[in-house]
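# Descriptive structure summary
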Amino acid sequence: MKGNGTAKQAPAPTPTRLALRSLRRNRAAMLGLAVVLIFSLAAALAPMLGLPDPYQASLAQALEAPSREHPFGRDELGRDLFSRVVHGARISLTLGLIAMAIGAAVGVPVGALSGYWGGRFDLIVQRLVDIILAFPGTLLAIVVVTILGVGLDNVMIAIGIASIPTYVRLARGSVLSIKEIGYVAAARAVGGGDGRIVFRHILPNCLGPLIVQSTFQIATAILWAAGLGFLGLGAQAPTPEWGTMLSRGRLYMRVAPHLTAYPGLAIFAVVLGFNLLGDGLRDALDPRLRKV
Amino acid sequence: MKRLLLAIPVLFGVSVLVFAMIRLIPGCPAVAMAGVHADAQFIEQVRRDLGLDRSLPAQYGMFLGDLLRGELGRSTFSGRPVLRELAERFPRTGELTLASMGVATAVGVAAGIVSSTRRNSPVDNLGMVVALVGVAMPVFWLGLMLQLLFSVQLGWFPATGRGTLTHLVLPALTLGAASAGIVARMTRSSMLEVLRQDFIVTARSKGLAERVVVYRHALKNAMIPVVTIVGLQVGTLLGGAVLTETVFAWPGLGRLLVGAILARDYPVIQGGVLLLTVTFVAVNLAVDLLYVHLDPRIRYVSRGGES
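Presented here is a report on the structure given in the accompanying data block. This one's a predicted model, so the numbers in the text were calculated from it and none came from an experiment. (Residues numbered from 1 in each chain as written. Chains lettered and ligands numbered in written order. Predicted model: local features only at pLDDT ≥ 70, side-chain atom pairs only at ≥ 80, totals over all residues. Heavy atoms only, no water.)

## Overview of the overall build of chain A
The cut-off we apply is this: Working definition: helices are DSSP H or I runs of at least four residues, strands are E runs of at least two. Numbering for both runs from the N terminus. Accessibility here uses a 1.4 Å probe with only protein chains present; expressed as a share of the type maximum, an area under 20% marks a residue as buried, one over 50% as exposed, and anything in between as partly exposed. Note on contacts: a residue pair is in contact if any heavy atoms of the two residues lie within 4.5 Å. Per-residue accessibility takes into account occlusion by the displayed protein chains alone, with areas from the Shrake-Rupley method and a 1.4 Å probe. In this charge count, Lys and Arg are treated as positive and Asp and Glu as negative; neither His nor the chain ends contribute. Where a charge lies is defined by one atom per residue type: Lys uses NZ, Arg uses CZ, Asp uses CG and Glu uses CD.
In terms of helices and strands, chain A carries twelve helices and zero strands. In chain A, the order of α-helices and β-strands from amino to carboxyl end is α-α-α-α-α-α-α-α-α-α-α-α. Dimensions of chain A, computed from C-alpha atoms along their principal axes, come out at roughly 75 × 55 × 30 Å. When each of the 292 residues of chain A is scored for burial, the buried share is 51%. Within chain A, counting contacts between residues at least 6 apart in sequence, those at least 24 apart form 70% of the total. Total accessible area on chain A is roughly 13600 Å²; 65% of this is exposed by carbon and sulfur atoms. Within chain A, the 15 negative side-chain charges are centred at a point lying 12 Å from the centre of the 27 positive side-chain charges.

Following this line, the structure appears as C-alpha cells:
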C-alpha cells in the first residue's frame, strides 16, 4: 500500500492536487459524485426536460402502474410520478443546500471566534451548545417547525438551526488546533485584527473538515426534511416533495406500491450519494487517511 | 460525581429552552383550550387559570415549581394529566428504543468485528456496503418497505400495532438499521486501529489463539469509541422513534407528540419534549460513567483536555 507515490514525475503536487488525485482513485466516492451530479442536473433542468406537468391531475388514470410512457407510473390523482420525483429533486437539493448554509453561516463564525477568543465568550457559547445538543436533533427540528409553522421554508430554517451546534463545535475545534501555530502569531505580530486573523488566516486552513461536514450535513438535511414532510409538518399537499409524497402514497401501499417505492428510492439514492462523496472527501483531505 | 453536577446546568438550560419554545408557538393556548367558539369572558378565565396573565419570569417560576413537583398540567385535548399520559406512553417508546438499540449493537458490533478481521475481503466489502445502505435509508421508508414485504406479501409479521413480540420485530429492525450501520463502521475502524498496536503484536507473538487476541485483547480496547457512538445513537433513535411509531401505529411517546403538535396541545408537547430530552441527557451521562469502567485511564477528577 505504500507504493502510492512511487512515480514522482509530476511537478511538486500541491495538497489540493494530492487530495483530488486521491478522490479520483476512490471508486465509491466517484460513484457518490456521479449520483450527486445526476440529481443536481435533474434538479436544475427539471422544467426543461419536457416531462409532463407534475401538478396535472388525471383522475381516470389514477394509481396506474409503471409503463413505458410513465416509467414510475401515476400517483393517486393520476399525476406522472417520474416527473414529480424529478421535480422533488429540485426541492430537496435546494432545501439541503440552504439548510446546510444556514447552519454553517451561523455556526462557523461563532465557533471560530469562540475558539479564538476563549474566555467567557467561549464558555457561554459552549454551554449554550451543550444545551442545544441535549435535544435529539430530529426532535429539535420538529419543535422549531412547530414554532415557526408548517411549511417548506420553515423546515429549511428549522433544520438549519438544528445543525448550528455541529458547526460551532467543528469550527471551534479546528481553530483551537491551529491557532497556536507560528504563522498565526506572525499575523498577530504584524498587527492583524481578530476578525482578519480568524477569517483570512485561520479559517481557510480549516476548510477540509468543514467541507466534509457540509457534505454529510446536506444528506442529513434532506433526510430530516423528508421525515418532517412524512409527518405532515413539511411541504404541503400538491408540492412534489419526496417525504410528503410518501406519506400520501402509503395510503395506497397495498394496491399501488410504486407510490411509496420511488420517492423513497430517490431519497435513499441522493443521501447515499452525498454520504459516499463525504467519506471520500474525508479520506482525501485528511493526509493520515490518504493511504489504502 | 462531577459529571452528575455538570448535567444540572444543562437540564436547567433545557427547561428554560423548552419553556421559551412553547411560549413562542404562535396562537394562544387559552383559545386552543377553550375552543374557537368560546366567548371572550370564558377565554379570559382560562387565561387566568393557566397563569398566562402573569409576567414571563413569573410564569417560568410556576413552570419550574410544577416541574419539580412532577406536575405537568393536563392535556388540553384529552383533559388527562400529562404525567399519566407520559407514564403510559414512555415505557412503550422505551421498549422500542431498547429493542432497536439491541439490534444496532448486536448486528453492528458483530459485522464490524467480522469486517475488521477479514479486511478488504468480499465479506468486508459487502458488510460495509450494507452498512452504508442502512445509514442512507430513510427510516420511515425502510419501515414501509419492510411492511410491504413481510406483512403484505409474506404475512410473517403484523404490519401495525403493539402487543406480542412479533409486533416488535419490524419496528425494531426499522429503527435500528441506521444505527447498526453506524456502529458497524465505527467498530470496524476502531478494531483496525487497535489491531495495529504493539500489544496485539505481543499477544500474537506469545502464541495466543487469534480468537483470544481478537475478542479478549482487541475488542475490549476497541469498544470505547463504540460505546460513545451507541450512546449518541440514543438521540437518533429517540428522534427516529417519532417516525417509526407513525409508520407502525406504535402507541408510544412519538405518536403522542406528533398528535399533540398537530392539535396544538401545549402541555403534552412540553412534557413529551422534556421527557425525551432528559432521557437523552441521562443516557449520555451513563455512557460517560461507563467509560471509567471500560478504560481505567480515564478518571473524572481533573479537567481533561478537549474531547
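## Remarks on the packing of helix H4 (residues 119–133) of chain A against helix H7 (residues 164–178) of chain A
Residue and element names in this part refer to chain A. Quick reminder of the rule: Between the N-to-C directions of two axes lies an angle of 0 to 180 degrees, each axis being a line fitted to C-alpha atoms and, for a helix, fitted only over the stretch in contact. Between 65 and 115 degrees an angle is taken as roughly perpendicular, under 35 as roughly parallel, over 145 as roughly antiparallel, and anywhere else as oblique. Rotating anticlockwise by less than a right angle from the far helix to the near helix defines a left-handed crossing, while the corresponding clockwise rotation defines a right-handed one. Residue polarity follows a fixed list, in which Ala, Val, Leu, Ile, Met, Phe, Trp, Tyr, Cys and Pro are nonpolar, Asp, Glu, Lys and Arg are charged, and the others, Gly among them, are polar.
The contact between H4 and H7 brings their axes to 10 Å, and the two run at 140°. Put simply, H4 runs oblique to H7. The two elements H4 and H7 meet at a crossing, and its hand is left-handed. Between H4 and H7, the residues in contact are Asp122, Val125, Gln126, Val129, Asp130, Ile132 and Leu133 and Pro165, Val168, Arg169 and Arg172, respectively. Classifying every residue of the contact of H4 with H7 gives six nonpolar, one polar and four charged.

## Considerations on the environment of B:Val130
Note on placement: B:Val130 falls in helix H6 (residues 122–136). For the pair B:Val130 and B:Ala180, spaced 50 residues apart in sequence, the C-alpha to C-alpha distance is 9.9 Å.

## Some points on unusual backbone geometry
Phi is positive for A:Leu63, which is not a glycine, with a value near 65°. Its place among the elements puts A:Leu63 in the loop between helix H2 (27–45) and helix H3 (81–117). We note that B:Asn120 has phi near 65°; this positive angle belongs to a residue other than glycine. Its location among the elements puts B:Asn120 in the loop between helix H5 (82–117) and H6.

## Quick word on the pattern of salt bridges
All names here are of chain A. Heads up, the condition is: A carboxyl oxygen of Asp or Glu within 4 Å of a side-chain nitrogen of Lys or Arg is what we treat as a salt bridge.
Counted under the stated rule, the structure contains 18 salt bridges over all chains. A salt bridge links Asp75 to Arg79; the nearest nitrogen and oxygen atoms lie 2.8 Å apart. Across the pair, exposure class does not vary: Asp75 and Arg79 are buried alike. Between Glu76 and Arg248 there is a salt bridge whose closest N-O contact spans 3.6 Å.

## Examining the environment of B:Val14
Residue and element names in this part refer to chain B. The topology assignment puts Val14 in helix H1 (residues 2–24). With relative accessibility at 1%, the residue Val14 sits in the buried group. The sequence separation of Val14 and Val278 amounts to 264 residues, and the corresponding C-alpha distance is 8.4 Å.

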